[in-house]
Each structure stands twice: as C-alpha cells, then as structure tokens.
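Below are the chains, spelled out letter by letter.
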Amino acid sequence: MALIITDECINCDVCEPECPNRAISQGEEIYEINPDLCTECVGHYDTPQCVEVCPVSCIITDPDRVENHEQLMEKYQFLTTGANRAPRG
C-alpha cells in the first residue's frame, strides 16, 4: 500500500527529506504523499523512513491504495531505472 499523512500532521518538515523517492511534498495545509511515487521505501530500506521519523505517528497505510510487496518492488524498479513499462496496479 502507499502511505498517507493524516490531519494530525504538525508540518514539522521531518518526513520530506527522508523519502528516497521524493514522494512527500508540502500540501495546502499538511504534507502529502504522492501514491504514484511511494514505495513504502521498498527497494531502499526495510521500513518506511517517513514513518520512522514522524514524531506524531500521522503516517499510515492508505486503505484505498492496496499494493503488495511485489507491486511496490515493481514501482521501485520503474522509478529507479526508467523502465519502459508502467508498474502494474
């Protein structure tokens, strides 16, 4: 699954630099995660780094964006190699 940031976000700026895929950006009110770029750090780390550093635990899995480990790895490979085909989803 991709991750989402809930309304509990305090805009502390800690999560954004931790994302290896640059999926996190400042939204209108709180930080947001682009689900097309989020691999939950699969391919980079064992755990999502944004979740690890968030001081208020406001980053959760997105129930509307279910992806298994294999799909997240495909997305990682697509994002890092510029593969010619889009990841399955």
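Here goes a summary of the coordinates provided.

The rules behind each value
Residues numbered from 1 in each chain as written. Predicted model: local features only at pLDDT ≥ 70, side-chain atom pairs only at ≥ 80, totals over all residues. Heavy atoms only, no water. Core = buried A, V, L, I, M, F, W, Y, C linked by side-chain atoms within 4.5 Å. Buried < 20%, exposed > 50% of the residue type's maximum accessible area, 1.4 Å probe, protein only. Helix = DSSP H or I, 4+ residues; strand = E, 2+ residues; numbered from the N terminus. Contact = heavy atoms within 4.5 Å. Salt bridge = Lys/Arg side-chain N within 4 Å of Asp/Glu carboxyl O. Patch = residues over 30% accessible without salt bridge, like charges linked within 9 Å, V, L, I, M, F, W, Y side chains within 5 Å. Areas by Shrake-Rupley, 256 points an atom, 1.4 Å probe, with all protein chains shown as cover. Lys, Arg positive; Asp, Glu negative; His and termini not counted. Charge placed at Lys NZ, Arg CZ, Asp CG, Glu CD.

A closer look at the nonpolar core
Counting 16 residues, the largest nonpolar core has I5, C15, I24, I33 and I59 as the members making the most contacts within it. Of all the elements in the fold, those that place two or more residues in this core are β1 (3–5) and β3 (31–33). If we skip the residues at most four places from it in the chain, I33 touches L3, I4, I5, A23, I24, C38 and I59.

Points about the environment of P20
For P20, the location among the structural elements is in the loop between β1 and β2 (24–26). Spatially, the C-alpha atom of P20 lies 8.6 Å from that of Q49, the residues being 29 residues apart in sequence. Those residues in contact with P20, other than ones at most four positions away along the chain, are C41, H44 and Y45.

A closer look at the pattern of salt bridges
Under the definition given, this model contains 2 salt bridges. In this structure, the salt-bridge partner of D36 is R65, at a minimum N-O distance of 2.7 Å. You can see D36 sitting in the loop between β3 and α1 (49–53) and its partner R65 sitting in the loop between β4 (59–61) and α2 (69–81), a full 29 residues away along the chain. Residue classification places R65 among the partly exposed positions, given a relative accessible area of 27%. Among the salt bridges present, the one from K75 reaches E67, with a minimum N-O distance of 3.1 Å.

A few points about a negative patch on the surface
On the surface, a cluster of negative charge is contributed by D7, E8, E28, E29 and E32. With respect to the secondary-structure elements, E32 resides in strand β3.

Considering the side chain of T6
Its location among the elements puts T6 in the loop between β1 and β2. Since its relative accessible area comes to 16%, T6 is described here as buried. Beyond its immediate sequence surroundings of up to four residues, T6 is in contact with I30, C58 and I60.

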